[in-house]
Amino acid sequence: MSESTQSALELRGIVKRFGGVAAVEDVSLAVAPGEVLALIGENGAGKSTLIQIACGLYRSDAGEVRMNGALLPAGEPSAAIAAGLGVVYQHFMLVGPLTVWENVVLGREPRRRGVGAALGLVDRDRARGEVADCAKRAGLAIDVDAPAESLSVAAQQRVEIIKQLWRGARVLILDEPTAVLSSSEADELLRTVRGLAAEGRGVIFISHKLREVLRVADRVAVLRRGRLVMTAQATETTAEALAEAVLGAAARSAEGKAVLGVAPTRAATTDARAPSPGAAAELIGRPPNLLQEADTKSAPRLVARDLVCTDNRGRPALRGLNLELRAGEILGIAGVDGNGQTELAEVLTGLRNCAGALLLDGEDGLAPHGWARDPALARARGVVHLPADRHRLALCGLLSLEENLSLGHQREEPWAHGMFIDRAGRRARANELLAAFDVRPADPLARAGDLSGGNQQKLVAARELSDLRARLVIAVQPSRGLDFHATSRVHSALTAARDAGAAVLVVSLDLDELRALADRIAVLYEGRVAGLCAPDASDAVLGPLMLGNTSAAATIAQTGAQQGRAQTEASRG
Amino acid sequence: MSPLAQTLLDALHALLEFAPPLVLAALGGVLSEKSGVVNIGLEGMMRFGAFFAAAVAIGTGNPWLGLVAGALAGATSAALHALLSLRYRADQVVSGIALNLVAMSLVTFLLEAIFGSAGVSPPSPQLPRIFGHSALTWLAVVLPLAMHWIFTRTALGLRIRAVGEHPRAAATAGVSVLKLRALCVIGSGALAGLGGATLSIGILGQFDVRMPAGQGFMALAAMIFGKWTPLGAAAACVFFALAEVVQRSLSLTFHAADLHLEGLFLALPYALTLLLLALSRGRTRAPAADGVPYDPEGR
């Protein structure tokens with residue numbers, strides 16, 4: 001698309017400061033009808049802020065937003081909506097208990113005619129019909145009468161897209177839409193996005209995943225530290241060039257050293273033999289893997305037998321799950337979201353009740369007063385947890401970084417001395433950890449809630465993976481919402497923990513992440529392990545397993561292993 | 001008429017006396033909290049409503065003007081709560097408690113200043129009775145259904161539910177969160193004020209300094225017990241009123257006054273409230289954003 005055509009959405013000279021700190025500095029961007037513009041950059045580069053300004057949620061300190069050439073008033077979301085701007089947020093804007101159609105029409109409800117209109121009566125039949133039609137036209141499958149909270153993440157995202165289409169959006173902004181999707185769901189979404197652009201809509205697609213960006217976008221814009229540092233036609237650039245623009249040339253050359261610097265205290269002793277892949281290597285391929293012969297022969301660290309539990313709504317989640325995990329290995333857990341991954345992580349960390357047997361170095365956690373009956377006991381036995389929802393489960397947003405780091409150790413040296421907090425000891429230890437895990441800002445008194453998502457995850461990793469007792473590490477979606485930089489640091493910390501002898505369980509929806517990290521991959525389907533694969537298993541093997549088709553997967557694995565591997569390599573290149 | 005039928009009819013009449021103030025206040029609570037603003041100030045709003053309804057009815061001789069004054073007094077005090085908790089994002093519980101305390105002392109002061117009494121006001125004109133009950137009683141019968149219908153069938157109701165569950169989602173859909181919440185809080189105060197007016201000019205025919213004697217808190221409990229729904233809250237109010245009726249008849253039967261056990265009997269409905277709340281714990285779910293201030297530029 002050329003710049004000369006009338007822009008559907010145009011941002012000119014946008015500046016936004018939060019408490020004196022510039023989040024966005026003089027950014028100008030435009031997207032034409034029928035064009036997909038990818039917007040990439042690290043966490044905190046200003047992408048989300050820019051979006052909030054475009055759609056009127058934030059007021060910019062300078063600059064203007066135009067739709068089809070007409071100026072939009074600042075700070076008025078309804079004006080942006082009326083002008084045809086639709087945003088699908090990273091954290092979905094759906095009201096859980098309301099049905100799909102209610103969510104879609106909210107704020108613009110079709111009214112009954114006549115007396116009904118005066119009373120503000122919603123024309124439910126018309127609303128339902130229009131929403132269903134809209135979904136059908138866009139090829140998005142949805143049950144319009146289901147409560148939004150009962151839907152899978154991918155379905156909720158479809159609702160968000162339908163919501164914008166029904167409102168007549170001519171420009172759609174998708175904020176990291178694939179971060180929460182499995183790879184097949186992401187493929188589906190990319191097709192949908194191309195379809196929407198083909199109908200003449202402008203699309204701004206925000207992502208961390210370079211390969212995906214190059215597949216879907218016509219043009220790519222890169223933000224770094226609030227500034228626009230590059231725009232290029234997708235056909236005329238490469239993943240490497242984009243990575244360099246995202247990280248900054250200087251930052252990138254320093255990257256290798258920085259990754260080496262991620263040294264949880266215990267891992268520090270093993271640093272010499274720890275794999276220390278550069279950020280670019282982690283982005284594109286799999287780090288070198290040290291298979292430890294001695295460990296594979298030793299007794300398993302964790303044995304789960306016939307685990308059965310229910311989810312929050314009382315429906316079966318785990319249905320007789322069996323699993324073994326050895327010290328010094330990373331076991332990846334793959335599967336379509338909602339097949340028991342969350343519940344498995346909660347059971348292992350003592351957050352959810354369960355039946356069956358769960359042995360950690362031979363000790364049954366499900367016995368009365370066993371370690372898996374209580375998170376504190378689990379922690380005392382060396383089970384550490386990087387949960388998927390760091391805001392809710394891992395951090396207290398209002399507490400300082402040093403306070404957050406001390407949580408779980410608050411009774412121990414050097415955090416405490418007797419019954420009192422050892423302020424000097426805590427400060428020293430916190431500074432050490434913040435430096436080792438490159439948390440920014442490295443200010444022990446900053447509030448955890450003020451950090452960007454990537455730095456919050458590094459903070460959690462710093463606390464959990466530096467635990468000297470760590471024997472079993474449970475990491476759920478460890479790189480969700482993180483940029484390359486933060487992802488590679490968290491990954492290195494996990495491999496360092498593995499190499500130091502911990503058993504690591506990584507749950508992820510991103511098969512590439514599992515392939516990069518894991519020594520073995522277990523696929524969960526409906527609360528059971530549908531199959532165990534080597535880390536280089538292709539989509540052709542993992543896909544059927546994720547859908548519960550074990551026999552098809554087995555056939556492919558036997559007859560087409562070579563071919564599958566070739567495919568995997570090809571898809572990486 | 002057989003004795004049993006007579007007893008039941010008496011009980012029904014008593015219910016139609018005791019339940020309406022509770023029902024109106026509880027509906028006020030539902031309206032406010034559905035939109036995401038905790039309203040612990042129902043008690044104070046009822047008190048304002050009860051007093052100003054009686055005072056204006058006495059002053060003008062017109063109970064209908066008293067009724068309007070009661071609703072306005074409740075709405076005005078609620079507007080203060082809305083201002084503090086929405087505009088200035090004050091803690092909603094503290095703001096509500098403060099309102100209750102202000103109502104407690106201010107009304108006591110006004111009662112003395114205007115009527116020169118520390119106990120009760122002079123008799124006030126009463127609302128006309130329809131089928132033996134005040135007009136407000138019948139309002140309390142109809143209103144839960146009307147509110148249920150508003151919540152489920154109208155655009156306004158849909159928006160209120162959305163704003164109480166996920167204000168940011170509603171805002172991105174073009175709903176004005178703070179305006180809608182303010183409207184609900186003020187409406188909540190008007191309803192509580194009407195509940196108070198029911199006590200003074202509807203039932204007793206004068207203002208008593210003890211009004212509303214904890215009924216605002218009972219209404220709050222009924223709202224929770226009724227799972228934040230108009231019909232549920234109304235049903236819970238009827239249940240509490242029934243407890244009150246039973247308490248009174250037991251108290252009479254056992255000559256509690258002679259035995260100096262009156263206080264014990266009086267505590268029965270409240271103890272029952274505690275018991276029910278304990279039993280219903282875990283099965284009720286408040287609107288997700290209830291009590292959470294909304295910051296349009298929150299990060």
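Quantities reported herein were computed from a predicted structural model and do not represent experimental measurements.

### Quick notes on the side chain of Arg301(A)
All names here are of chain A.
Thinking step 1. Secondary-structure assignment places Arg301 in the loop between helix 13 (293–297) and strand 11 (302–310).
Thinking step 2. Residue class for Arg301 comes out buried when judged on its relative accessible area of 12%.
Thinking step 3. A polar contact of 2.7 Å, which involves the side chain of Arg301, links it to the backbone oxygen of Arg471.
Thinking step 4. Once you skip the residues sitting within four places of it in the chain, Arg301 turns out to touch Leu325, Arg326, Ala327, Leu359, Leu360, Asp361, Arg471, Gly501, Ala502 and Ala503.

### Quick notes on the interface of chain A and chain B
Thinking step 1. At the interface, 30 residues of chain A touch 24 residues of chain B.
Thinking step 2. Counting the surface lost from both chain A and chain B, the interface buries some 2300 Å², and carbon and sulfur atoms represent 60% of this.
Thinking step 3. There are two salt bridges connecting chain A and chain B.
Thinking step 4. One salt bridge in this structure joins Glu102(A) and Arg161(B), with 3.1 Å as the shortest N-O distance.
Thinking step 5. Among the secondary structure elements, those contributing two or more residues to the side of chain A that touches chain B are strand 1 (9–18), helix 2 (77–82) and helix 3 (100–105) of chain A.
Thinking step 6. If one sorts the elements of the side of chain A that touches chain B by residue count, helix 2 of chain A sits on top with three residues.

### A closer look at the nonpolar core
All names here are of chain A.
Thinking step 1. Within the largest apolar cluster, 169 residues are counted, with the highest numbers of intra-cluster contacts made by Leu9, Leu39, Leu50, Leu85 and Ile173.
Thinking step 2. When residues are assigned to domains, this core turns out to be shared by domain 1 (1–84 + 170–262) and domain 2 (95–168), each giving three or more.
Thinking step 3. Within the second largest apolar cluster, 49 residues are counted, among which are Ala334, Ala436, Leu482 and Ile521.

### Notes on the environment of Ile51(A)
Residues and elements named next belong to chain A.
Thinking step 1. Here Ile51 is to be found in helix 1 (residues 47–54).
Thinking step 2. Considered as a pair, Ile51 and Val87 are 36 residues apart in the sequence and their alpha carbons are 8.1 Å apart.
Thinking step 3. Discounting chain neighbours no more than four positions away, the residues touching Ile51 are Leu39, Val87, Ile173 and Ile206.

### Observations regarding unusual backbone geometry
Thinking step 1. Cis geometry is adopted by the peptide bond preceding Pro414(A), which originates at Glu413(A) and carries an omega value of -5 degrees.
Thinking step 2. That bond from Met211(B) to Pro212(B) is cis: its omega, -5 degrees, falls within 30 degrees of zero.
Thinking step 3. Examined against the element boundaries, Pro212(B) turns out to sit in the loop between helix 8 (177–204) and helix 9 (215–225).
Thinking step 4. Of note in this structure, Lys227(B) is not a glycine but carries a positive phi near 55 degrees.
Thinking step 5. When you line up the elements, Lys227(B) lands in the loop between helix 9 and helix 10 (230–253).

### Topic: the sheet that holds strand 13 (residues 330–334) of chain A
Residues and elements named next belong to chain A.
Thinking step 1. Taking strand neighbours across the sheet as the criterion, the six strands line up as 16-19-20-13-21-22 in an open arrangement whose pairing is mixed. Only two strands of the sheet have a single partner each, and these edge strands are strand 16 (383–386) and strand 22 (528–533). Between one strand axis and the next, the sheet turns through 20 degrees on average, direction left out of account.

### Points about the packing of helix 19 (residues 453–465) of chain A against helix 20 (residues 484–499) of chain A
If you want to describe how two helices pack, look at the angle between their axes and the distance between the axes.
All names here are of chain A.
Thinking step 1. At a closest axis distance of 9 Å, the pairing of helix 19 and helix 20 adopts a crossing angle of 10 degrees. It follows that helix 19 is roughly parallel to helix 20 by the angle criterion. Crossing of helix 19 over helix 20 shows left-handed handedness. Where helix 19 abuts helix 20, its residues Gly454, Gln457, Lys458 and Leu465 lie against Ala486, Arg489, Val490, Ala493, Leu494 and Ala497.
Thinking step 2. Per-class residue counts for the contact of helix 19 with helix 20 are six nonpolar, two polar and two charged.

### With respect to the confidence of the model for chain B
All names here are of chain B.
Thinking step 1. Of all residues in chain B, 96% attain a pLDDT of 70 or more, and the chain-wide mean is 87.
Thinking step 2. For chain B, per-element mean pLDDT is lowest for helix 11 (residues 256–259), which scores 70, and highest for helix 2 (residues 42–60), which scores 94.
Thinking step 3. Across the assembled chains, the prediction reports ipTM 0.80 with pTM 0.69.

### Digging into the packing of aromatic side chains
All names here are of chain B.
Thinking step 1. Applying the stated criterion across every chain, the model contains six aromatic pairs over all chains.
Thinking step 2. Residues Phe51 and Phe115 carry aromatic rings whose centres are separated by 6.4 Å and whose planes lie at 70 degrees to one another, so their mutual orientation is edge-to-face. Placement of Phe51 in helix 2 and of Phe115 in helix 4 (residues 92–115) is noted, with a sequence separation of 64 residues between them.
Thinking step 3. Residue Phe51 is classed as buried on the basis of its relative accessible area, which comes to 1%.
Thinking step 4. Cluster of aromatic residues (ring-pair linked, three or more members): Phe48, Phe51, Phe52, Phe115 and Phe207.

### So, the confidence of the model for chain A
A low pLDDT means the predicted coordinates there should not be read in detail.
All names here are of chain A.
Thinking step 1. A residue-level look at chain A finds 86% of positions with pLDDT of 70 or above and a mean pLDDT of 80.
Thinking step 2. Mean pLDDT across the secondary structure elements of chain A bottoms out at helix 11 (residues 265–268), with 32, and peaks at strand 20 (residues 503–507), with 94.
Thinking step 3. Counting contacts from residues 250–296, a segment whose pLDDT is below 50, to residues more than four positions away or on other chains yields 72 contacts.
Thinking step 4. Across residues 560–573 the pLDDT falls below 50, and counting only partners more than four positions away or on other chains, this stretch makes 14 contacts in the model.

### Regarding empty space enclosed by the protein
All names here are of chain A.
Thinking step 1. Taken as a whole, this structure holds five cavities of 30 Å³ or more when the rule is applied.
Thinking step 2. Approximately 120 Å³ is the volume attributed to the largest cavity.
Thinking step 3. Of all the elements in the fold, those that place two or more residues in the lining of the largest cavity are helix 2, strand 6 (85–88) and helix 6 (153–166).
Thinking step 4. Among the elements that take part in the lining of the largest cavity, strand 6 stands out by supplying three residues, more than any other.
Thinking step 5. For the lining of the largest cavity, a count of residues per class yields eight nonpolar, three polar and two charged.
Thinking step 6. A domain-level breakdown of the lining of the largest cavity finds at least three residues from each of domain 1 (1–84 + 170–262) and domain 2 (95–168).

Basis of the calculations
- Each chain carries its own residue numbering, running from 1 in the direction its sequence is written.
- Working convention: letters from A go to chains and numbers from 1 go to ligands, in the order in which they are written.
- The model is predicted, so local features are restricted to residues of pLDDT at least 70 and side-chain atom pairs to those at 80 or more, both for listing and for counting; the totals for chains, interfaces and linings are taken over all residues.
- Derived side-chain values reflect all non-hydrogen atoms in the structure, with water molecules and hydrogen atoms excluded from consideration.
- Put simply, DSSP marks the helices as runs of H or I at least four residues long and the strands as runs of E at least two long, and each gets a number from the N terminus on.
- Relative accessible area decides the class of each residue, using a 1.4 Å probe on protein chains only: under 20% of the type maximum gives buried, over 50% gives exposed, and in between gives partly exposed.
- We define a polar contact as two N or O atoms separated by no more than 3.5 Å, with the added condition that, inside protein, one atom must be a possible hydrogen donor and the other a possible acceptor, whereas residues neighbouring each other in sequence contribute only through side-chain atom pairs.
- Here, two residues are considered to be in contact whenever any of their heavy atoms come within 4.5 Å of each other.
- Buried surface area refers to the total accessible area, computed with a probe of radius 1.4 Å, that the two partners give up upon joining, counted for both partners together.
- Salt bridges are defined as contacts in which a side-chain nitrogen from Lys or Arg sits within 4 Å of a carboxyl oxygen from Asp or Glu.
- Among the buried residues, those of types Ala, Val, Leu, Ile, Met, Phe, Trp, Tyr and Cys that are joined through side-chain atoms within 4.5 Å form a nonpolar core.
- Boundaries of every domain are those given by an automatic assignment or by a domain database.
- Criterion used throughout: strands pair if DSSP finds at least two bridges between them.
- In this description, a line fitted to the C-alpha atoms serves as the axis of each element, helices being fitted only across the stretch in contact, and the angle between N-to-C directions of two axes falls anywhere from 0 to 180 degrees.
- Any angle between 65 and 115 degrees counts as roughly perpendicular, while under 35 counts as roughly parallel, over 145 as roughly antiparallel, and the rest as oblique.
- Less than a right angle of anticlockwise turn of the near helix away from the far helix marks a crossing as left-handed, whereas a clockwise turn marks it as right-handed.
- All amino acids are sorted into three groups, where Ala, Val, Leu, Ile, Met, Phe, Trp, Tyr, Cys and Pro are nonpolar, Asp, Glu, Lys and Arg are charged, and the leftover types, Gly among them, are polar.
- Predictor confidence is given residue by residue as pLDDT, running from a minimum of 0 to a maximum of 100.
- Two rings from Phe, Tyr or Trp (for Trp, the six-membered ring) form a pair when their centres are within 6.5 Å of each other. A pair whose planes differ by under 30 degrees is stacked, one over 60 is edge-to-face, and the rest are tilted.
- Cavities and pockets were defined on a 1 Å grid built from protein atoms only: a cavity is a group of points that admits a 1.4 Å probe but offers it no way out, a pocket is an open group of points flanked by protein on both sides within 12 Å along at least five of seven lines, and a lining residue is one with an atom within 4 Å of any such point.
- Grid points are joined across faces, edges and corners, and a volume is the space filled by probe spheres set on the points.

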